[in-house]
Each structure stands twice: as structure tokens, then as C-alpha cells.
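Structural description and commentary
Each chain, written out:
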Amino acid sequence: MEPKKRPLVEDGKLILKGIGVWQRIMPTYVPYLIFSSVVNCLTPYFPLYMSAEIVNELAGACDLDRLLILAAVTVAGTFTLSMLSRFLSGKLEAIRSLSYTRHEAYLFDAENTFQYGHLENPEVALARTKITSVMNATGAGLGQVLSIPEEVLTKILSVIVSAALTVSLFRAVPGTDSGFFAFVNSPWVILVLVAAIGANAWFSVKLSTRATGEISDALKDLAGMNNLMGVYMRANGTDMHIFGLNRLFLADYAKYLLRPKWVEKYEKAVTRKSYGITLLNLMMKIVVFLFTAAKAWLGIIGVGNFILYQGAVQKFVEALSGLAANIGELRYNNQYLEETFRYLEMPNDMYQGTLAVEKRDDIDYEIEFRDVSFQYPRSDEWVLRHVNMKFQIGDKLAIVGENGSGKTTFIKLLCRLYDPTEGKILLNGIDITRYRYDEYMALFSVAFQDYTLFAFSVAENVAASDKIDESRVQDCLNRVGLGEKISGLPKGIHTNIGRDYENDGVDFSGGEQQKIALARALYKDAPFMILDEPTAALDPIAEAEIYARFNDIASDKTSVFISHRLSSCKFCDEIAVFHKGQLVQLGSHDELVADENGKYYELWNAQAQYYTEKAPA
Ligand code: ADP
């Protein structure tokens, strides 16, 4: 794949932006990078310079005292520089070893501010998987911005130092302007030499850019392997065991392993690059050697300086071609970096209001849906159509309807996970989009049907934070009927959910986990309490127990309760019946069940077959 051509300045800005990200995540990165580059650059030049001085002294005055001082300085300086270099590379290595986890954490943090719709968008999910898998496979994207700049800076400094040390080599010496002297001193020879150095750098770039592309292409299969490994890691252990799914995994894995093409491609690309660059540099070194040797042979430069120039020009050539190659790599990497930033900076197209939500002790909030219709992004289907409804504050509202009738979508709009396609939702008479998003969100506590619990302690899950009010956690667990069970465990509310991280963690049943999710919704203590099928995973006894406790659970809050089991909604003040995206009925259980032509009556009777004792009179 050819990298996208971007002007050098734009590429540079993108790279600096990437470095800026790391600097924000790990503030010691740039200082260590600069310090380490300076030390790395000086480490080979210092002994080279000192050796030249010593040889010059030996070939010249041969003053023993001076020689001893020079030798001492050489040893001490070289030792100090190599110790410093070790120390700094250790520091940078430690920073880099954290890069994968820090990278993940950085993405997670950024995703917190994404509009919810992005998280349900498969294209966004794909972009995310790609960013993580190329980072993990090759470090492409932000990873390479962490590793390559140190080399770049070292080489820039090396080019400068080499150039400074060798300027005098090209100076014409008076009285050496005839015959072979003139040839060696000719500006043309110097020009050819400089041109050859430039050509060497240019070829190096070409070779490296091509190899980087080939290496990335070859490693794409490796990213596929990582994805496969991810699928395997997420799989349920019991299923793996019972169905022997690991055989399926290994068979798939073997397809990657047995497909040696990528290994071959990788090997070829890497070898071609290193042989190519070594050969180019060798040719350059021969040319430089001949030029310097000619000057030494003619006596234009001394033996010590011959060593110095020889070494410095060779380092110059190496640094320049290496620098060109690194810049090629960084520019190639920019396509991944650009993808990462495009992902991180996805525009949030939800209207961002600025009004503060009035804080009311009497929780006297009123919500109104005014002619609300909704289509999900990338779909033309109307999931909700012309919904009009007002909530009575402090009431318990049930939303019922068949699967797919739009109940959860109604809640998603209420909580501003999406904005209506048409119509408005009002809070105390004001369009909810005009409120500050975070303040509006703080009004709702939701236990969604597909809740997530983490393999942390029960307390952390309930508090959804590492700052835990233990008595409040216990109180919420009591209210959902899980208090006794959890206090009976040796570690109480600090028991870990599952055994991913702790051997003495507990594998709670589905019903218990749902209760923990309910307790989490209670802990947030928001004015609106929304429960989406809160008893779906509970057995009938546990379900009955939750309903008996419902007044405890919802207390004085406005609660919205979604269920497809009508028997569980009888205790609600009002029941909204959804059918094919429309609100078709609104009223109390007694009113609705009396309307024999209504949807509620039909649903009630259909379910009554399974709950005969709850059938209408
Ligand atoms: P209910 O909660 O009543 O079962 P939902 O509100 O979940 O219904 O779904 C209503 C309709 O919206 C269904 O046809 C469903 O397929 C569709 N739907 C739900 N979520 C999405 C989504 N993220 N993108 C597109 N369509 C969706």
C-alpha cells in the first residue's frame, strides 16, 4: 500500500501532535527523549574526537603529561556517557513498556466523551478494532511516534556534529593547487561527494518506505491472528470446555500459522531493507575513505585528523541515511496516526446545550414527549412515530409492548443517548437539548437489560467508582434483597465478582448479577429511576420479591419501568402501551384491561395463559 502523499510540513505537524499525546499521557517522555538523544549522539563522537587528539599528540609533540590527561578524559568521559546512555535507555524502555496499556487507557478516556450513537455504529467499532490491532501487532499509529523520534533526534544531532567536525576537511589548503592536490581540492570533487551523500540518503528513504509498507502488509495477517485470539479470550470457559471450542480456535489459528506467506513476505522485506542500506552505506564509506586517504597521503591532513574525518564523515553518511529512513517510516506511519486522530476527534453532532438543570429538593421535574419520532442513524425505519406523553412527577410509569415495539428506544431518547429525529422532549417546559448534557444525564439512573458488571468488587460495581460509601452500598444491596447473601460472604461487599482477578471471587448467578445492577442504579440516587426489564434474569420467586420491594426500590422517585410481562406492571400508576413504535394506550391497569378492543387487553390475555392465577377476573 502506498502511503498517502502529504506535504512534509503537514506530516511534521501530525507527528508532533502524536508526540504531544504521549507527552500528555507520560510527562517524562519528551525530557528523557531529548536528553537520551543528546547522550546517544555524543557517545560515539566523544571517543572518536579524543582518539584523534591522542594520535595527533603522538604524531606531534608527544607530551606525556598531556597524553595522560587526554587518556584520562577519554576513559572518564566514555564511561560517564555510556552509563548515562544506559540509564536513559532504561527510563525510556520503562515508558515504552507501558505504551500499550496507556494507549488503551487513552482511547477509553476519549471514548467517554463520544456521543452514544458512535458506540453503536459498526463502522466506528471497526475503526477502533483496527487502531488497537495495528498498534498491538506493529506499534503503527501512536506506538511508532513513541519509538522513532528518539532515533530521529539522535541522527539529526549526529548529522550536525559530524558536519561541524568535517567542515575543515573540505577547506582548500594554500599551496596545494596543482596536480593531484588540485584534483582533491577541487570544488567539483566536493560537489560529487556531497551529491553522492544526498543520493545515498534518497535511496535509503525509498528502500525504507517500501520495506515499511511491505512489512505492514505482511503483518496484517498477524492482526487477524490477534483478533482471533481476542475472540477466544472473551469466550465463555464452560462453552469452550463442553463443546471443545478450543479445537475450533486452534484450527483457525493454524490457518494463520500455516500460511507462511506473511512470514516470508516479512523476512524478505526486512532483509532487503537491511542488505540494501548496508550496501549503500558501504559504497559511501569507500568513497569517503578514498577521499580522506588521498588528503592524508598528500599530507594535507594529519594522521589524527584522518581518523577523525574518516569516522565523522562515515557517521554523517550513516546518520543521514538512517534519518531519511526514519522520516520515511514516520511519514508512512502517518496514515495510521491520521486514522487514530480521525477516530479520537469524531465530531459530536448532538446539540450541546448550556442551560443548568435546576436542582430541586422536591424533585419536581416534569417530562413531556411532544410529537416525537425517531429513526436510528443509517436506517429509514421509523422506530418511534408521533409519540406524545407527559409524566406525572413521582409516579411510577410502566412501558409495555411486544419486543421491538420501541420501548428501549423511548428510554434512550429520554436519557439523551440519541436526539429525536422529529419533535421535542421537554424538561419543565424546556427542550432537553438546551440543558448541559452532563447535568441532564445526572438526572437519570438506569438499569439497562444488557447491563455490564466488571470483575471488580461488588462495592466498586455498585458505587461505579473507587470512592465507596460502604453503608450506602450495603443499604442498596438490602433494598434489592441481596444484602444478607453478600454480608454472609467472608469478604462481604468487597467480594470480587467472578474469578478473573481473585481466586476467592464469587461467580454470582444471573439473577444475583441483575440485582447488583439494580443496586448500582439505586446507589446513583438520581431523581429518575429507569429499569429496563429489571427482572428478566430472575426466577419467578426472585421476581415476585423484587416487585414486593418495588416501593423500597423506587421510593419517591419518578420511575419508568419497562417490561414485557404485564403482570409485573399492575402496581404502576400509569401504563404506556407501545405498538410498532406508537404509543397506543395510556392509563392504569384497571382502565386498560377493561378496554377489550385495546392492545393491552390482547397482550394481557395472551400472557394470562402462562400466569393463570393472574388472569383478569
Ligand atoms: P423494545 O425495547 O420494545 O424491544 P427497541 O426499542 O429495542 O424495542 O427496538 C425497536 C426497533 O428498533 C427494533 O425494530 C430494533 O430492531 C430497532 N433498533 C434498536 N436498536 C437499534 C439500533 N441501534 N440501530 C438500528 N435499529 C435499532
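Above this text sits the structure in question.
Let me sum up the structure you'll find in this document. Here the structure is a predicted model, which is why all the values come from computation and not from measurement.

This next bit is on the site of the ligand. The environment of the ligand is formed by E120, Y376, E381, V383, E402, N403, G404, S405, G406, K407, T408 and T409. Separating a nitrogen atom of the ligand from a side-chain N or O atom of E120 is a distance of 2.8 Å. Contact with the protein chains covers 65% of the free accessible surface of the ligand, which is 560 Å².

Here the phi dihedral of A464 falls at roughly 50°; this positive angle occurs in a residue that is not glycine. Mapped onto the secondary structure, A464 falls in the loop between α16 (458-463) and α17 (470-479). Positive phi, normally seen in glycine, also occurs at D525, with a value near 55°. The topology assignment puts D525 in the loop between α19 (510-524) and β7 (528-532).

Within β7, five of the five residues are buried, which leaves the element mostly enclosed by the surrounding structure. Taking every second residue as pointing to the same face, both faces of β7 are buried, with F528, I530 and D532 on one and M529 and L531 on the other. Taken together, the four bridges between strand β6 (residues 444-447) and β7 define a ladder with parallel strand orientation. Residue pairing in the sheet places A447 in a bridge with L531 of β7.

At a minimum axis distance of 10 Å, the contact between helix α6 (residues 122-138) and helix α13 (residues 303-344) shows a crossing angle of 140°. Taken together, the axis directions place α6 and α13 in an arrangement best described as oblique. As α6 packs across α13, the resulting crossing turns out to be left-handed. In contact with V124, A127, R128, K130, I131 and V134 of α6, α13 contributes Y336, E339, T340 and Y343. Taken together, the residues of the contact of α6 with α13 sort by class into six nonpolar, one polar and three charged.

Taken together, six strands build an open sheet; the order of strands is β6-β7-β8-β3-β9-β10 and the sheet is mixed. Each edge of the sheet is formed by a strand with only one pairing partner; in this case those strands are β6 and β10 (582-587). The sheet shows a mean angle of 15° between the axes of neighbouring strands, taken without regard to direction. As paired elements, strand β9 (residues 574-579) and β10 share five bridges and run antiparallel to each other. Within the sheet, the bridge partner assigned to H579 lies in β10 and is Q582.

With that settled, consider the sheet that holds strand β4 (residues 422-427). With respect to topology, four strands assemble into an open sheet ordered β2-β1-β4-β5, the strand pairing being antiparallel. Two strands close off the open sheet at either side, each with one partner strand: β2 (384-390) and β5 (430-431). Of the pairings in the sheet, the one linking strand β1 (residues 367-374) to β4 comprises five bridges and is antiparallel in character. Across the sheet, the residue bridging to F369 is I425, located in β4.

Conventions used here
Residues numbered from 1 in each chain as written. Predicted model: local features only at pLDDT ≥ 70, side-chain atom pairs only at ≥ 80, totals over all residues. Heavy atoms only, no water. Near = heavy atom within 4 Å. Polar contact = N/O pair within 3.5 Å; in protein donor to acceptor, adjacent residues only side chain to side chain. Areas by Shrake-Rupley, 256 points an atom, 1.4 Å probe, with all protein chains shown as cover. Helix = DSSP H or I, 4+ residues; strand = E, 2+ residues; numbered from the N terminus. Buried < 20%, exposed > 50% of the residue type's maximum accessible area, 1.4 Å probe, protein only. Pairing = 2+ DSSP bridges. Axes fitted to C-alpha atoms, helices over the stretch in contact; angles between N-to-C directions. Parallel < 35°, antiparallel > 145°, perpendicular 65-115°, else oblique. Left-handed = near helix turned anticlockwise from the far one by under 90°. Contact = heavy atoms within 4.5 Å. Nonpolar A, V, L, I, M, F, W, Y, C, P; charged D, E, K, R; others polar.

Fair warning: the whole summary comes from geometry, so function is off the table for now.
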